[in-house]
Amino acid sequence: MTPPTCPWARRRRLTTAVISAGSSCMRSSLGAWDPSYPPGYVSRYCRAVDLDPHWLRDTVARALDEDLGGTPGRDLTTEATVPADATGTAHVVARAAGVVAGLPVVAEVLAQVGARLGLPAAVVEPAVPDGARVRPGDVLATVRGPVRTLLVGERTLLNLLSHASGVATHTRRWADALEGTGARVLDTRKTTPGLRALDKYAVRCGGGTNKRMGLYDVAMVKDNHVLAAGGVAEAIAAVRAAFPDAPVQVEADTLEQAMTAIDAGARFLLLDNMPPAVLREVVAAVRAREPETGRVELEATGGLTLDTAAAVAATGVDYLSVGALTHSSPALDVALDLLDPPTRIPG
């Protein structure tokens, strides 16, 4: 299967990020994170391929503050029951079948907890890569270090890892359903506030493709924008006048709206809530005009389910966008199991 690219990276001056060969998650060829753009991403246009360390550090710090009551904070139970010099080994284990995403979180959480407690750093040994399919009982990582560190960080690392792995697992179901059709599944902006970088990363780990990362990188003309601007052509013209380098996508509910958008210069259409029969009609009409217009990318959106995914893909659309990937994916059940009674650090 051809590695997916960011769907909007087609205009001159835009950059494409591609999955590295043999990897289920995205590796960036774009270089280091650019601090002039929002954190969590590694370039202006095609991002969320690797978790940015700045974003990860800040996100984990906020999550630990929430759980521990500030910095450095405290864990009443662990501090009362576990000696500061006790060391141990634990496994991060899958309790259910799924796809893993977010393993870099484990090391970051334990590093920050150790620093807060003034304890030696824990060692994290991943057993699988992000993007791997796992079964119940599979070990995802082995962690060794101060038991206080392991137990204080347990819930925070599991919350983030379970959440991301749930998104990846759900996405993988869609990617599998579309395998061989030529269509790809896209995510949306319907992400958990504060966790968009992690959600988008998890989608890539599950075999999906990221759509726009926010309101700042791709213009998406929808019905309210059309109403406010006075028409589709007027809305597209306004965007291009204000932001000439920005990719423009346009929503269409009918064949007539799709043709109007193409006449106005749109080359990426969101075909909203169209049944397969209508989608086929629109796809055929758009493709018939491509000798004149050039390639037009077509996305089916609204009301899509796994049961209908193959039928929708068979209409000839390029993408199916699914908000549920990031707003309705159940967390994957993951646990941290301490293996043996703790030992004491030699004094």
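Thresholds, definitions, all that
- Residues numbered from 1 in each chain as written.
- Predicted model: local features only at pLDDT ≥ 70, side-chain atom pairs only at ≥ 80, totals over all residues.
- Heavy atoms only, no water.
- Salt bridge = Lys/Arg side-chain N within 4 Å of Asp/Glu carboxyl O.
- Helix = DSSP H or I, 4+ residues; strand = E, 2+ residues; numbered from the N terminus.
- Buried < 20%, exposed > 50% of the residue type's maximum accessible area, 1.4 Å probe, protein only.
- 1 Å grid on protein atoms, 1.4 Å probe; cavity = no way out; pocket = protein on both sides within 12 Å on 5 of 7 lines; lining within 4 Å.
- Points joined across faces, edges and corners; volume = space filled by probe spheres on them.
- Nonpolar A, V, L, I, M, F, W, Y, C, P; charged D, E, K, R; others polar.
- Core = buried A, V, L, I, M, F, W, Y, C linked by side-chain atoms within 4.5 Å.
- Contact = heavy atoms within 4.5 Å.
- Pairing = 2+ DSSP bridges.
- Axes fitted to C-alpha atoms, helices over the stretch in contact; angles between N-to-C directions.
- Arc of directions from axis to C-beta.
- Right-handed = clockwise from strand over helix to strand, strands pointing away.
- Expected span 1.5 Å × (residues − 1).
- Parallel < 35°, antiparallel > 145°, perpendicular 65-115°, else oblique.
- Left-handed = near helix turned anticlockwise from the far one by under 90°.

So, the pattern of salt bridges
Enumeration over the complete set of coordinates arrives at 15 salt bridges. The shortest N-O distance in the salt bridge between arginine 116 and aspartate 65 comes to 2.8 Å. Of this pair, arginine 116 sits in helix α3 (residues 104–117) while aspartate 65 is found in helix α1 (residues 53–68), placing the two residues 51 residues apart along the sequence. A residue is classified by how much of its surface remains accessible, and aspartate 65, at 29% relative accessible area, is partly exposed. For glutamate 251, the salt bridge identified is with lysine 222, shortest N-O distance 3.9 Å.

Side note on the layout of surface pockets
Regions of empty space are outlined by a rolling probe, equal in size to a water molecule, passed over the atoms. The calculated volume of the largest pocket comes to roughly 820 Å³. Forming the boundary of the largest pocket are 40 residues, of which Arg189, Lys211, Arg212, Met220 and Lys222 lie nearest the centre. Across the lining of the largest pocket, the residue classes break down as 19 nonpolar, 10 polar and 11 charged.

So, the nonpolar core
Leu140, Val250, Leu269, Leu271, Val317 and Leu320 are the most contacted members of the largest nonpolar core, which has 81 residues in total. Contacts of leucine 271, omitting those with residues within four sequence positions, involve Ala252, Leu279, Val282, Leu298, Glu299, Ala300, Thr301 and Val317. Judged by nonpolar contacts, the second largest core, of five residues, contains Leu186, Met220, Phe268 and Tyr319.

A short note on the sheet that holds strand β7 (residues 219–221)
Across the sheet, six strands lie side by side as β6-β11-β10-β9-β8-β7; this open sheet has parallel pairing. Edge positions in the sheet fall to β6 (184–186) and β7, since each has one partner strand and no second. Averaged over all adjacent pairs, the angle separating strand axes in this sheet is 25 degrees, with direction ignored. Sheet topology note: the β6/strand β11 (residues 319–321) ladder contains three bridges and is parallel. Bridged to leucine 186 within β11 is serine 321. Here helix α4 (residues 147–178) sits on the sheet and contacts β6 and β11; the angle it forms with β6, its principal contact strand, is near 150 degrees. Sitting on the sheet, helix α9 (residues 276–293) touches β9 (268–272) and β10 (297–301), and the angle it makes with β10 is about 170 degrees.

Focus on unusual backbone geometry
Cis geometry is adopted by the peptide bond preceding proline 72, which originates at threonine 71 and carries an omega value of 0 degrees. Turning to its location among the elements, proline 72 is positioned in the loop between α1 and α2 (76–81). One non-glycine residue, asparagine 273, adopts positive backbone phi at about 55 degrees. As for its position among the elements, asparagine 273 is in the loop between β9 and α9. Using a relative accessible area of 52% as the deciding quantity, one classes asparagine 273 as exposed.

Some words on the pairing of strand β5 (residues 139–146)
With six of eight residues buried, β5 lies mostly within the body of the structure. Relative to β5, strand β1 (residues 86–94) runs antiparallel, the two being bridged by seven bridges. Among the inter-strand pairings, valine 92 is bridged to a residue of β5, identified as alanine 141.

Here's the deal with helix α7 (residues 232–242)
Listed as buried for α7 are Val232, Ala235, Ile236 and Val239. Projected down its long axis, α7 shows its buried positions confined to an angular sector of 95 degrees, all on one face. In the core, the buried residues of α7 are packed alongside β7, α6 (223–229), β8 (248–252) and α8 (255–263).

A short note on the pairing of β10
For β10, a buried count of five out of five residues is recorded, marking the element as mostly surrounded by other parts of the structure. A two-sided burial pattern is seen for β10, the buried positions comprising Glu297, Glu299 and Thr301 on one face and Leu298 and Ala300 on the other. As paired strands, β9 and β10 are joined by five bridges and run parallel to one another. Looking at the pairing, leucine 269 lines up with leucine 298 of β10. Since β9 and β10 lie parallel, the crossover through α9 that links them has a hand, and here it is right-handed. Both β10 and β11 contribute to a ladder of three bridges, which runs parallel. Bridge pairing links alanine 300 to leucine 320 in β11.

With respect to α9
An ideal rise of 1.5 Å per residue puts 26 Å on 18 residues; α9 measures up with 24 Å between its terminal C-alpha atoms. Each element contacted by the buried residues of α9 is listed here: α8, β9, β10 and α10 (309–313). Downstream of α9 by a residue or two, glycine 294 has a phi angle that is positive, lying close to 85 degrees.

A few points about the packing of α4 against helix α5 (residues 196–205)
Where α4 contacts α5, the two axes come as close as 7 Å, and the packing angle between them is 45 degrees. Viewed along their axes, α4 and α5 adopt a mutual orientation that is oblique. The two elements α4 and α5 cross, and the hand of that crossing is right-handed. For the pair formed by α4 and α5, the contact residues are Leu160, His163, Ala164, Val167, Ala168 and Thr171 on the first element and Leu198, Asp199, Ala202, Val203 and Cys205 on the second. Looking at the contact of α4 with α5 residue by residue, the class counts come to eight nonpolar, two polar and one charged.

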